[in-house]
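Each chain, letter by letter, is given below.
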Amino acid sequence: MSATIDRYIHKATLLGDKVDILLSEDTLSALLPEQSMVRIDNVKAHFQIFQTTLPDKLSVARRDYFAQGAMKWSSNEWMKVGLLLDDIEMTLSRLVEVGSKLVRGENVHDEKPEGIEANFIQVMGCMNMMYGLDLP
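Residues numbered from 1 in each chain as written. Predicted model: local features only at pLDDT ≥ 70, side-chain atom pairs only at ≥ 80, totals over all residues. Heavy atoms only, no water.

S.K.: Which residues make up the overall build of the chain, and what values go with them?
M.R.: Along the backbone of the chain there are five helices and zero strands. For the chain, the succession of helices and strands along the chain, N to C, is α-α-α-α-α. In terms of overall dimensions, the chain has C-alpha extents of about 55 × 25 × 20 Å along its principal axes. Out of the 136 residues belonging to the chain, those deemed buried represent 39%. Partitioning the contacts of the chain with sequence separation of at least 6, the portion at a separation of at least 24 is 81%. Averaged over its 14 positive side-chain charges, the chain has a centre that lies 5 Å from the centre of its 20 negative ones. (Helix = DSSP H or I, 4+ residues; strand = E, 2+ residues; numbered from the N terminus. Buried < 20%, exposed > 50% of the residue type's maximum accessible area, 1.4 Å probe, protein only. Contact = heavy atoms within 4.5 Å. Lys, Arg positive; Asp, Glu negative; His and termini not counted. Charge placed at Lys NZ, Arg CZ, Asp CG, Glu CD.)

Shown next as structure tokens:
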């Protein structure tokens, strides 16, 4: 279980790189035009909280998990962390791909603004669910 938890912590840290790309003003502006339902400042707040606090919170939860004889969090809770991180990674990767194309001026015919907004809503929802797991 230790290796799995360490992998989750590492993944959360690496996802910070994707968040950095998305927090670029050019990328956010390309992905979320002014008439978008999703506010850029709301996205920035969610992403910055995720980027700055989640790896540390997971590290503390890992320490507590082993210090308390694996009683604080069950293996099922850690599986939820892994599934949420996978979903977050997949959605962030998609947003980075589309955002990079838009910034370079490439045409993304099959991407609709509603789909991009839905991706942002989905990833922010997963981030909120991650916090709802009662991390220490």
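S.K.: Give a detailed account of the confidence of the model for the chain, specifying residues and quantitative values.
M.R.: Any residue range with low pLDDT should be treated as having predicted coordinates unsuitable for detailed reading. Of all residues in the chain, 92% have pLDDT values of 70 or greater, and the mean over the chain is 83. Looking over the chain, one finds the lowest element-wise mean pLDDT in helix H3 (residues 40-67), namely 82, and the highest in helix H4 (residues 75-103), namely 89. (pLDDT = per-residue confidence, 0-100.)

S.K.: Which residues make up the pattern of salt bridges, and what are the values?
M.R.: For the structure shown, the criterion picks out seven salt bridges. Two residues, Asp41 and Arg39, come together in a salt bridge whose shortest N-O distance is 2.7 Å. We note a salt bridge from Lys101 to Glu97, for which the minimum N-O separation is 3.6 Å. Taken together, the positions of Lys101 and Glu97, both in helix H4 and four residues apart, correspond to about one turn of that helix. A relative accessible area of 41% places Glu97 in the partly exposed class. Within the structure, one salt-bridge network assembled from shared partners comprises Lys11, Asp86 and Glu89. (Salt bridge = Lys/Arg side-chain N within 4 Å of Asp/Glu carboxyl O.)

S.K.: So what's going on with the side chain of Asn119? Which residues, and what values?
M.R.: Tracing the backbone through its elements, the reader meets Asn119 in helix H5 (residues 113-131). Residues in contact with Asn119, not counting those within four places in the same chain, are Thr91, Arg94 and Leu95.

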